Amino acid sequence: MAETRLTTSSYLVLGIIDQLGEASPYDVKVEAARTVAPFWAVPHAQVYAQCDRLLAAGLLSEVREEGGRNRRVMRLTESGAEALAGWLADSAFVPVEARERGILKLWFGARPEVHAPVQVEEHERTLAEYEGLAESVGELITRGQREALEFGIRYERMMVDFWQWVEGRGEF
């Protein structure tokens, strides 16, 4: 079996299956959309492809449910659990790639007075959602999940501040 290069999406799939105990590719897709999508989006097709790659690499095992939809249910193998644990323990710094469409538009000459008000409004809306979620879940989530939510809150605050700054600069 050739060594498979694991990506962050690979570890996302391993992590979700680990948290759920067992999951179909569809379950992984739904859980990713429900939990990590605000800070780590993964295309649905990539979830299915990653599941197949991880199965082929021996990091997941698969059982097909009999009858009905013949659904594939996967679990981490010992090798999969070791790979996930190794990744979780790796503290290496990887620079963030900020993929903000509005910033890219500014770079290429978009009019700040057109874009800034919309960006402020949308980032304020998302911030309110995250703050409401933080209040409603309280201690029901793990420390790491709470810290990820806090990242979202702080990121949205920073984006509101940035776009208000852009808006306040006036005409160029």
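In what follows, the structure referred to is the one given above.
Analysis parameters
- Residues numbered from 1 in each chain as written.
- Predicted model: local features only at pLDDT ≥ 70, side-chain atom pairs only at ≥ 80, totals over all residues.
- Heavy atoms only, no water.
- Helix = DSSP H or I, 4+ residues; strand = E, 2+ residues; numbered from the N terminus.
- Contact = heavy atoms within 4.5 Å.
- Buried < 20%, exposed > 50% of the residue type's maximum accessible area, 1.4 Å probe, protein only.
- Phe/Tyr/Trp six-rings, centres within 6.5 Å; stacked < 30°, edge-to-face > 60°.
- Expected span 1.5 Å × (residues − 1).
- Arc of directions from axis to C-beta.

Draft legend 1. Region of the structure containing the side chain of Ser9. Its place among the elements puts Ser9 in helix H1 (residues 8-20). Discounting chain neighbours no more than four positions away, the residues touching Ser9 are Trp40, Val42, Gln46 and Gln50.

Draft legend 2. The side chain of Glu31, seen in detail. In this fold, Glu31 is placed in helix H2 (residues 25-35). For Glu31, a relative accessible area of 15% translates into the label buried. Contact partners of Glu31, with chain neighbours within four places excluded, come to Ile16, Leu20 and Val36.

Draft legend 3. Just the packing of aromatic side chains, in detail. Applying the stated criterion to the full structure yields four aromatic pairs. Consider the rings of Phe151 and Tyr155, whose centres lie 6.1 Å apart with planes at 25 degrees: the pair is stacked. With a gap of four residues between them, Phe151 and Tyr155 both fall in helix H7 (residues 143-168), about one helical turn apart. Judged by its relative accessible area of 24%, Tyr155 is partly exposed.

Draft legend 4. Main features of the environment of Ser79. Inspection of the secondary structure puts Ser79 in helix H4 (residues 78-89). When the C-alpha positions of Ser79 and Leu104 are compared, they lie 41 Å apart, and in sequence the two are 25 residues distant. Not counting the four nearest positions on each side in its chain, Ser79 is found in contact with Gly58 and Leu59.

Draft legend 5. Helix H3 (residues 44-56), seen in detail. The end-to-end C-alpha distance of H3, which contains 13 residues, comes to 19 Å, matching closely the 18 Å that a straight helix rising 1.5 Å per residue would cover. Of the positions making up H3, those classed as buried are Val47, Gln50, Cys51 and Leu54. Projected down its long axis, H3 carries its buried residues within an arc of 105 degrees, all on one side. Seen from the open side of H3, the exposed residues pointing more than 90 degrees away from its buried face are Ala45 and Ala56. Where the residues of H3 are buried, they touch H1, H2, strand S1 (60-64) and strand S2 (72-76). Once H3 ends, the next one or two residues include Gly58, with phi positive near 80 degrees.

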